[in-house]
Amino acid sequence: MADLLTGIALFLIIEGLVYALAPRFIVRMAKILPSVPEEHLRLTGLAAVVLGVVLVWFLRG
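Residues numbered from 1 in each chain as written. Predicted model: local features only at pLDDT ≥ 70, side-chain atom pairs only at ≥ 80, totals over all residues. Heavy atoms only, no water.

K.L.:
Requested: an account of the overall build of the protein, with residues and values cited.
P.N.:
Looking only at helices and strands, one finds three helices and zero strands in the protein. Reading the protein from its N end, one meets helices and strands in the order α-α-α. In terms of overall dimensions, the protein is more spread out than a globule: its C-alpha atoms have a radius of gyration of 15 Å, far above the 10 Å expected for 61 residues. Principal-axis analysis of the C-alpha atoms places the extent of the protein at approximately 40 × 30 × 15 Å. (Helix = DSSP H or I, 4+ residues; strand = E, 2+ residues; numbered from the N terminus. Rg over C-alpha atoms; globule rule 2.2 N^0.38 Å.)

K.L.:
Outline helix H3 (residues 38-60), listing residues and values.
P.N.:
Under the 1.5 Å per step criterion, the end-to-end length of H3 is 33 Å for 23 residues, consistent within 8% with the ideal 33 Å. Among the 23 residues that make up H3, zero are buried, leaving the element largely open to the surroundings. (Expected span 1.5 Å × (residues − 1). Buried < 20%, exposed > 50% of the residue type's maximum accessible area, 1.4 Å probe, protein only.)

K.L.:
Please give an account of a nonpolar patch on the surface that cites residues and values.
P.N.:
A cluster of nonpolar side chains, Met 1, Leu 4, Leu 5, Ile 8, Phe 11 and Leu 12, forms an exposed patch at the surface whose accessible area comes to about 680 Å². By the element assignment, Met 1 lies in the segment before helix H1 (2-21). (Patch = residues over 30% accessible without salt bridge, like charges linked within 9 Å, V, L, I, M, F, W, Y side chains within 5 Å. Areas by Shrake-Rupley, 256 points an atom, 1.4 Å probe, with all protein chains shown as cover. Salt bridge = Lys/Arg side-chain N within 4 Å of Asp/Glu carboxyl O.)

K.L.:
Quick rundown of the environment of Gly 16? Include the residues and the values.
P.N.:
You can see Gly 16 is positioned in helix H1. On the basis of relative accessibility, which here comes to 37%, the residue Gly 16 falls in the partly exposed class. The spacing of Gly 16 and Glu 38 is 22 residues in sequence and 26 Å in space, taken between C-alpha atoms.

K.L.:
Go over the confidence of the model for the protein with me, naming the residues and quoting the values.
P.N.:
Note: predicted coordinates in regions of low pLDDT should not be interpreted at a detailed level. Considering every residue of the protein, the mean pLDDT works out to 94; 100% of them sit at 70 or more. Between the elements of the protein, mean pLDDT differs from a low of 93, seen in H1, to a high of 95, seen in helix H2 (residues 23-32). (pLDDT = per-residue confidence, 0-100.)

What follows is the structure in structure tokens.
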């Protein structure tokens, strides 16, 4: 349970840093996002999930 909460805390820290340090970038991305094909978004999200799982597997293994 502590690992899950640590993961959520790290996510919030990184997300907060992005909004605090690059708010214009976030606004531009929000404007561009609707024009990106759904398949590309899905593949990018899946790649991020796979990369995250592999990183956790290597770090914990």
